[in-house]
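Fold and geometry: a report
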Amino acid sequence: MTSAASEISSPVGVVAGGGAMPFAVADSLAARGITPVLFPLRGACDPTRVEQFRHRWISVGQLGRAMRLFREEGCRDLIFIGTLVRPALSEIRFDVTTLRLLGNVIRAFRGGDDHLLSGVGRILEQGGFRMVGIKDVAPDLLMPEGCISRAWPNDNSKADIERGRAVLTALGPFDIGQAAVVIDGHVVAIEDIEGTDALLARVARLREEGRIRAATGRGVLVKVPKSGQDLRFDLPTIGPRTLEGVARAGLAGIAVVAGNTIAAEPQAMISLADAKYLFVIGLTA
């Protein structure tokens, strides 16, 4: 348990983007007797699923309104979770509070997703809130150490894992991406702004085009947090959809950093990995 986790105050505000993770975090909090209040982002969060929870809608660029709603709901502790397509600054309608902080907001937008989220987090902390992470509020959603699948990486896959981890560590300061695909020692693809699903689709296409000659069942998807990253924000995430992409790309499995990677729908992911003879391993941090 982190020091922040021992001081979590109920309710916790969950700033919810797209995907299933905001609801998994809310369920995890509720199971531990902590009230979640979801603050779904318009245009990102699922409007049907959010109805199951106490919630207040917010919009990108409306920091003043968001902070007022956080206070009204008694949420001192906040977590950002879920996917969000970054809007252009010209597309955002700023409220008065955000306009007063515009210099800080613009600086936050000048960088990758981690830079943006940590920048907005600092603005909220200056407003009296505390930003927390998955480790603090839902540690049960993190990838454990070791293999969670029946399949294990062979020596060839282990070497690919080490190569991928080294490459991502070197690229970390540039805030490019959190994933790479390595096949037989060759780095064939790096994650970019499109995300992991598109990365895997690209590898599958390269196989179809004959650009990748290695046999099916070789190669690894490696995901690692960016070096120097604030681990409260934008942790690597894997789930059943990732496994489907790995299978279509003809890879042998997935390697991630244990304790620093979110495992979405772990039981479904394990079942899928075993059905497709893929390995899923959590590496020592």
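Overview of the structure. Small disclaimer: the values here were computed from a predicted structure and weren't measured.

**A short note on helix H10 (residues 240–248)**
Those residues of H10 that fall on the buried side of the exposure criterion are Pro240, Thr242, Leu243, Gly245 and Val246. Looking one or two residues past H10, glycine 250 carries a phi angle of roughly 75°, positive in sign.

**Structural notes on the nonpolar core**
The biggest cluster of nonpolar side chains holds 26 residues, and the ones touching the most others in it are Val25, Leu38 and Val137. Residue assignment for this core shows that the elements contributing at least two residues are strand E1 (12–16), helix H2 (21–31), strand E3 (77–81) and helix H7 (134–137). Counting residues per element, this core draws most heavily on H2, which supplies 5 residues. For this core, the two domains that each supply at least three residues are domain 1 (12–139) and domain 2 (142–283). Apart from the residues lying within four places of it in its own chain, the contact partners of leucine 38 are Val14, Ala16, Phe23, Ala26, Val50, Phe53, Arg54, His55 and Arg56. Counting residues in each nonpolar core, the second largest holds 24 residues, with Ile212, Leu243, Ala273 and Leu278 among its members.

**Description of the pattern of salt bridges**
Taken as a whole and assessed by the stated rule, the structure comprises 12 salt bridges. Arginine 68 is the partner of glutamate 72 in a salt bridge, and the nearest nitrogen-oxygen pair spans 2.9 Å. Of this pair, glutamate 72 and arginine 68 both sit in helix H3 (residues 63–72), 4 residues apart, roughly one helical turn. For glutamate 72, a relative accessible area of 46% puts it in the partly exposed group. We classify arginine 68 as partly exposed; its relative accessible area is 41%. Between arginine 150 and aspartate 274 there is a salt bridge, with the nearest N and O atoms lying 3.7 Å from each other. Separated by 124 residues along the polypeptide, arginine 150 in the loop between strand E5 (146–147) and helix H8 (155–171) and aspartate 274 in helix H11 (residues 266–275) bring together distant segments of the chain.

**Some words on H8**
Helix length check: H8, at 17 residues, gives a terminal C-alpha distance of 25 Å against a target of 24 Å (1.5 Å per residue), a fit within 8%. Of all the residues in H8, the buried ones are Ser157, Asp160, Ile161, Gly164 and Leu168. For H8, the angular spread of buried residues about the axis comes to 105°, placing them on one side. In H8, the exposed residues that point more than 90 degrees away from the buried face are Asp155 and Glu162. Contacts from the buried residues of H8 go to strand E6 (179–183), strand E8 (220–223), strand E10 (253–257) and strand E12 (279–283). For H8, the N-terminal capping position is held by asparagine 154, with its side-chain oxygen 3.1 Å away from the main-chain nitrogen of asparagine 156.

Cut-offs and rules
- Residues numbered from 1 in each chain as written.
- Predicted model: local features only at pLDDT ≥ 70, side-chain atom pairs only at ≥ 80, totals over all residues.
- Heavy atoms only, no water.
- Buried < 20%, exposed > 50% of the residue type's maximum accessible area, 1.4 Å probe, protein only.
- Helix = DSSP H or I, 4+ residues; strand = E, 2+ residues; numbered from the N terminus.
- Core = buried A, V, L, I, M, F, W, Y, C linked by side-chain atoms within 4.5 Å.
- Domains from an automatic or database assignment.
- Contact = heavy atoms within 4.5 Å.
- Salt bridge = Lys/Arg side-chain N within 4 Å of Asp/Glu carboxyl O.
- Expected span 1.5 Å × (residues − 1).
- Arc of directions from axis to C-beta.
- Polar contact = N/O pair within 3.5 Å; in protein donor to acceptor, adjacent residues only side chain to side chain.

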